[in-house]
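Secondary and tertiary structure notes
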Protein chains: 2
Amino acid sequence: MSDSTTRNTGDYADRTSNQQSNLLTLPTAVATTDRRPHAYERWLIAKLLRTAGSPPLRFQLWDDEFIEPEDTTAEFTIRLNDPKALLALLTNPNLAFGDLYSAGRLQVDGDLPDLMETLYSSIHRAQKNWPKWLEALWRNHNPRSTGLSEAKQNIHHHYDLGNDFYRLWLDDAEMQYTCAYYESPDITLEQAQLAKLEHVCRKLRLKPGMTVAEAGCGWGGLSRYMADNYGVKVRAYNISGEQLVYAREEARRRGLDHLIDYVEDDYRNIDGQYDAFVSVGMLEHVGKERFPAMSELIRRVLKPDGIALLHSIGRNRPMLMNAWIEKRIFPGAYPPSIAELMSICEAGEFSVLDVENLRLHYARTLTHWMERFQNHRDQVTAMYDEHFTRAWEMYLAGSIAAFRVGSLQLFQVVFTHGSNNSLPQTRRDLYKSTAVPKA
Amino acid sequence: MSDSTTRNTGDYADRTSNQQSNLLTLPTAVATTDRRPHAYERWLIAKLLRTAGSPPLRFQLWDDEFIEPEDTTAEFTIRLNDPKALLALLTNPNLAFGDLYSAGRLQVDGDLPDLMETLYSSIHRAQKNWPKWLEALWRNHNPRSTGLSEAKQNIHHHYDLGNDFYRLWLDDAEMQYTCAYYESPDITLEQAQLAKLEHVCRKLRLKPGMTVAEAGCGWGGLSRYMADNYGVKVRAYNISGEQLVYAREEARRRGLDHLIDYVEDDYRNIDGQYDAFVSVGMLEHVGKERFPAMSELIRRVLKPDGIALLHSIGRNRPMLMNAWIEKRIFPGAYPPSIAELMSICEAGEFSVLDVENLRLHYARTLTHWMERFQNHRDQVTAMYDEHFTRAWEMYLAGSIAAFRVGSLQLFQVVFTHGSNNSLPQTRRDLYKSTAVPKA
């Protein structure tokens, strides 16, 4: 269990632990070089641009010279500060781009989410023509294990960074670190997060006195919303100690602790039977090989007339997580494809009632987070360091881009036991009134 | 191509073509027997009842004696009129139950859909404990081919039975032979079918001037609704000649023929590019092995910002079609599991936007059809014969039961190309007003 007063910087820098540590020294420590780029280095960059589908971006090398893209005007500039940065980028771009950016050895001129979006969509088109050897060289790798003890480390790495850190840039309504629901495009992050909670509660058809099991409850916002607005009893599981400290405190403060039981334990240990099962933003950390067990768990804890909702980042087809995100940001993460998600339902003989894709809602959520993060940039850097701050900028910007170009999706799936005939037969009730609470 | 004036009774009786023909003589031709049942026949029936999970039903044998169920009071009676009927039921119940019922050699006392529902849910629970040899003996078989020429025969068998026949018991609003949408439970079949058409149009976000490709258009009701209410241009494909005769006539009569092009051709030959692709109740006939080609087709004909909708009977997990339905009613039919349905979307790199399950709407639709069918029972029998009428009663009753107990589902799936960011971001507009048109 984590001590809530310690700071965990994880391996955002990974300074000493492996061979790549030489790539990951901090910006201030980068050895500048007086050596001029070789002709072959210029040639390699031109080749790299073409391989990436000739996006409208140019490279600036360590001697300040530019390599312009062919047949297009550059809208963005990527500056490489040393020759080894180029080598890293060529051999393992998925990992190196984020690492070099974090270390300040790769710098960017232009809006970072826009640049990433341009880059992703260009690469997406281009990679269909990549030779097999290149695909193999640049491939992402299987995520690390999500066994009971590894899951604890994986989650600690990210979610125990400190509540003070997350408080700086998440909504201050319910500290939601998952996709919000922008019922209309102009609402605030706080409104959209509360609308998400309301939307989820409506999909679960909650009624007073019902019991709910929540797997992966974050800072407890959904369980408080359900208890407060729907009068249900929630048993909420989480293995992030930091988050539970906040969740329990906040439930007590708002007089909801008699309705919510926050359990510091793995979702696999949920016991009892419930009218509803809900998991928002945890499935990404479960790991594909554990889906059958997840299915079995829900089958076991859901009453015959119960209803279940999974809210998860997903894919249009099976694909490994970006290497840098899996290594630096979300160890063990694997966003399932829609068919893989459905396989969870099939394994449990569940009946899928409703799937909704909120992809662009997540792009907007992340954009709001990024804005707030930037507004507190100095504070974050003071809490951690510049390397950490840049890593998080890259993570947020890259995620915005991935949702915009459609390489990531956000699925909400509602399902029930196959024999349940007791639920409303249309979704009209979900839209009976606005899901955005009055200010 | 079928001649619209001929009657096709298909192989509902299958009187001469194979070894089972002796099981399928008509009721009037059943050889009655004076022989008393043997003790082992009584024992086999008791065993059969236990194997089926001891549902509350009893058997009456050809000498009028009853075999009562154990530990429960019978709510239904199944009468077997001859010893060979029992043998057929024991060796191949999936096929024989429907065949014997059609031939009048198996008769039922009690509401047929209720009996089938009781039987299905009892068997569903019981079959988890069946020994492997019994599963193997009673298993359903792979559906027949759905290649270009076979598909034409498969569809002719069912859909070219004659428009006069279908007109007797389908809605007289738009001759819809697919699941209706009961926005509220008390609306009529006509209202619910029009509400279904409206619901589909809303999901497709149709606007005047758009172009739509429809695969498998039935009697053309959806295309007329779309043209009439949304001002779109539709190219509608069907290989049932009978249906197209009606569709074209009706479009002319209502002055919509300038907006609708009815094409007598296989969906695989759709060409051009469209703002929307829609297929309501055809995917069940496509065959699982042709899903990748179906996916490729939609990818090809859907514009970059286009939107597609598949409406299909489905399953909670992969399962073969009931042998009798596949043999007598829907040759080649295979309702896909939800993950198999999603595989169509994954193969085309589509982004799944919305899945809705209308299972119990289909049970209600079928109940309405069955009522009307019964009201025109004599007419149907005069058009075909008693065997045909009883086969259709069994098909309708069995389908009602299958949707009620959840062995069949009805999925509407909406999807688009992965890069399409132009669509509404919530489903609120689908529920802006009632989908039921004013009377």
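Residues numbered from 1 in each chain as written. Chains lettered and ligands numbered in written order. Predicted model: local features only at pLDDT ≥ 70, side-chain atom pairs only at ≥ 80, totals over all residues.

1. Brief notes about the overall build of chain A
- From N to C terminus, chain A includes 16 helices and 11 strands.
- Over its C-alpha atoms chain A spans a radius of gyration of 23 Å, differing by no more than 12% from the 22 Å that the globule rule assigns to 439 residues.
- Seen along its three principal axes, the alpha-carbon backbone of chain A occupies a region of about 70 × 45 × 40 Å.
- Considering only intrachain contacts with a sequence separation of at least 6, the fraction spanning at least 24 residues in chain A is 73%. (Helix = DSSP H or I, 4+ residues; strand = E, 2+ residues; numbered from the N terminus. Rg over C-alpha atoms; globule rule 2.2 N^0.38 Å. Contact = placed C-beta atoms within 7 Å.)

2. Re the interface of chain A and chain B
- Contact residues are listed per partner, giving 34 residues for chain A and 34 residues for chain B.
- Those elements that place two or more of their residues in the side of chain A that touches chain B are helix H13 (338-347), strand E10 (350-357) and helix H14 (359-375) of chain A.
- If one sorts the elements of the side of chain A that touches chain B by residue count, E10 of chain A sits on top with 8 residues.
- Class assignment of the residues belonging to the side of chain A that touches chain B gives a composition of 12 nonpolar, 13 polar and 9 charged.
- Where E10 of chain A and strand E10 (residues 350-357) of chain B come together, 3 bridges link them in antiparallel fashion. Across the sheet, the residue bridging to Asp354 of chain A is Glu356 of chain B, located in E10 of chain B. (Nonpolar A, V, L, I, M, F, W, Y, C, P; charged D, E, K, R; others polar. Pairing = 2+ DSSP bridges.)

3. As for the sheet that holds strand E2 (residues 66-67) of chain A
Residue and element names in this part refer to chain A.
- The mixed open sheet is built from 4 strands, whose spatial order is E2-E1-E3-E4. The two strands at the open ends of the sheet, each matched to only one other strand, are E2 and strand E4 (106-109).
- The sheet contact formed by strand E1 (residues 57-60) and strand E3 (residues 76-80) spans 4 bridges and is parallel. Note on E3: the bridge partner recorded for Gln60 is Arg79.

4. Some words on the relation of the copies chain A and chain B
- Structural alignment of chain A on chain B gives an RMSD of 0.0 Å, achieved by rotating through 180° and translating 0.0 Å along the axis. The superposition operator between the copies reduces to a two-fold rotation axis.
- Take the interface residues of chain A: 100% of them recur as interface residues in chain B, which is what a same-surface contact looks like. (Least-squares fit on C-alpha atoms with pLDDT ≥ 70 in both.)

5. So, the domain arrangement of chain A
Residues and elements named next belong to chain A.
- By the assigned domains, chain A splits into domain 1 (19-137) and domain 2 (148-431).
- With 18 residues of domain 1 at the contact, the number on the domain 2 side is 20 residues.
- At the level of secondary structure, the elements contributing two or more residues to the side of domain 1 that touches domain 2 comprise helix H3 (93-103) and helix H4 (112-126).
- For the side of domain 1 that touches domain 2, the leading source of residues is H3, giving 8 residues.
- Per-class residue counts for the side of domain 1 that touches domain 2 are 10 nonpolar, 6 polar and 2 charged. (Domains from an automatic or database assignment.)

6. As for the nonpolar core
- One finds Met226, Ala276 and Val352 of chain A together with Met226, Ala276 and Val352 of chain B to be the most contacted residues of the largest nonpolar core, which totals 250 residues.
- In contact with Met226 of chain B, not counting residues within four places along its chain, are Cys201, Leu206, Val212, Val232 and Val234 of chain B. (Core = buried A, V, L, I, M, F, W, Y, C linked by C-beta atoms within 7 Å. Buried ≥ 20, exposed ≤ 12 C-beta atoms within 10 Å, placed from the backbone.)

7. Here's the deal with the pairing of strand E8 (residues 274-280) of chain B
Residues and elements named next belong to chain B.
- Across the 7 residues of E8, 7 count as buried, placing the element largely inside the fold.
- Note: strand E5 (residues 211-215) against E8, 3 bridges, orientation parallel. Directly across from Glu214, in E8, lies its bridge partner Val278.
- Bridging between E8 and strand E9 (residues 302-314) involves 6 bridges; their strand directions are parallel. Within E9, the residue paired with Val278 across the bridge is Leu309.
- What joins E8 to E9 is helix H11 (residues 291-301), and the crossover it makes is right-handed. (Right-handed = clockwise from strand over helix to strand, strands pointing away.)

8. Regarding the packing of helix H14 (residues 359-375) of chain B against helix H16 (residues 386-405) of chain B
Residues and elements named next belong to chain B.
- With their axes 8 Å apart at the nearest point, H14 and H16 run at an angle of 155° to one another. Of the possible angle classes, the one that applies to H14 and H16 is roughly antiparallel. Considering the relative orientation of H14 and H16, their crossing is left-handed. Where H14 approaches H16, its residues Arg359, Leu360, Tyr362, Ala363, Leu366, Thr367, Trp369, Met370 and Phe373 are matched on the opposing element by Trp392, Leu396, Ala397, Ser399, Ile400, Phe403 and Arg404.
- Partitioning the contact of H14 with H16 into residue classes produces 12 nonpolar, 2 polar and 2 charged. (Axes fitted to C-alpha atoms, helices over the stretch in contact; angles between N-to-C directions. Parallel < 35°, antiparallel > 145°, perpendicular 65-115°, else oblique. Left-handed = near helix turned anticlockwise from the far one by under 90°.)

9. Details of the sheet that holds strand E4 (residues 106-109) of chain B
- Strand order in the open sheet formed by 4 strands is E2-E1-E3-E4 (chain B), with mixed pairing between adjacent strands. On the outer flanks of this sheet lie strand E2 (66-67) and E4 of chain B, each paired with one strand and no other.

10. Some points on the pairing of strand E6 (residues 233-238) of chain B
Residue and element names in this part refer to chain B.
- Burial of E6 is extensive: 5 of the 6 residues sit out of reach of the surface.
- Both E5 and E6 contribute to a ladder of 5 bridges, which runs parallel. Within E6, the residue paired with Ala215 across the bridge is Tyr237.
- The handedness of the E5 to E6 crossover, carried by helix H9 (residues 221-230), is right-handed.
- Across 5 bridges, E6 lies against strand E7 (residues 260-264) in parallel orientation. Paired with Tyr237 across the strands is Val263, a residue of E7.

11. Brief notes about helix H8 (residues 189-203) of chain B
Residues and elements named next belong to chain B.
- The first and last C-alpha atoms of H8 sit 21 Å apart over 15 residues, in line with the 21 Å expected at 1.5 Å per residue.
- For H8, the buried fraction is high: 13 of the 15 residues fall into the buried class.
- Once H8 finishes, Arg205 follows within two positions and takes phi at roughly 50°, a positive value. (Expected span 1.5 Å × (residues − 1).)

12. Looking at the confidence of the model for chain A
Residue and element names in this part refer to chain A.
- Scored by pLDDT, chain A has a mean of 91; 92% of the residues are at 70 or more.
- The low-confidence segment residues 1-29, where pLDDT is below 50, has 44 contacts with residues more than four positions distant or belonging to other chains.
- Predicted as a complex, the structure gets a pTM of 0.92 and an ipTM equal to 0.92. (pLDDT = per-residue confidence, 0-100.)

13. Some thoughts on the packing of H8 of chain B against H9 of chain B
Residue and element names in this part refer to chain B.
- Axis separation between H8 and H9 bottoms out at 10 Å; the angle between their running directions is 65°. Of the two possible hands of crossing, H8 and H9 adopt the one that is right-handed. Listed contacts from H9 to Leu197, Val200 and Cys201 of H8 are Gly221, Leu222, Tyr225, Met226, Asn229 and Tyr230.
- Its residues assigned to classes, the contact of H8 with H9 comprises 7 nonpolar, 2 polar and no charged.

14. Some thoughts on unusual backbone geometry
- The residue Arg205 of chain A is not glycine, and still its phi comes out positive at about 50°.
- Within the fold, Arg205 of chain A resides in the loop between helix H8 (189-203) and strand E5 (211-215).
- Here the phi dihedral of Asp71 of chain B falls at roughly 60°; this positive angle occurs in a residue that is not glycine.
- The residue Asp71 of chain B is located in the loop between E2 and strand E3 (76-80) in this model.
- Assessed through the 7 C-beta atoms surrounding it within 10 Å, Asp71 of chain B is described here as exposed.

15. Looking at the environment of Glu150 of chain B
Residues and elements named next belong to chain B.
- In this structure, Glu150 sits in helix H6 (residues 148-159).
- Look at Glu150 and you get partly exposed, because 14 C-beta atoms sit within 10 Å.
- Once the C-alpha coordinates of Glu150 and Pro331 are considered, the two residues, 181 residues apart in sequence, prove to be 9.3 Å apart.
- With residues near it in sequence (within four places) discarded, Glu150 still touches Arg144, Ser145 and Gly332.

16. Things to note about helix H10 (residues 241-253) of chain A
All names here are of chain A.
- In this model H10 runs 18 Å from its N-terminal to its C-terminal C-alpha over 13 residues, within 8% of the 18 Å that 1.5 Å per residue would give.
- Here H10 has its buried residues at Glu242, Gln243, Leu244, Ala247 and Ala251.
- Looking at the buried side of H10, the elements it contacts are helix H6 (148-159), helix H7 (163-169), helix H9 (221-230), strand E6 (233-238) and strand E7 (260-264).
- Phi turns positive one or two residues past the end of H10, at Gly255, with a value near 65°.

17. With respect to the environment of Arg36 of chain B
- Its place among the elements puts Arg36 of chain B in the segment before helix H1 (39-51).
- For the pair Arg36 of chain B and Phe59 of chain B, spaced 23 residues apart in sequence, the C-alpha separation works out to 15 Å.

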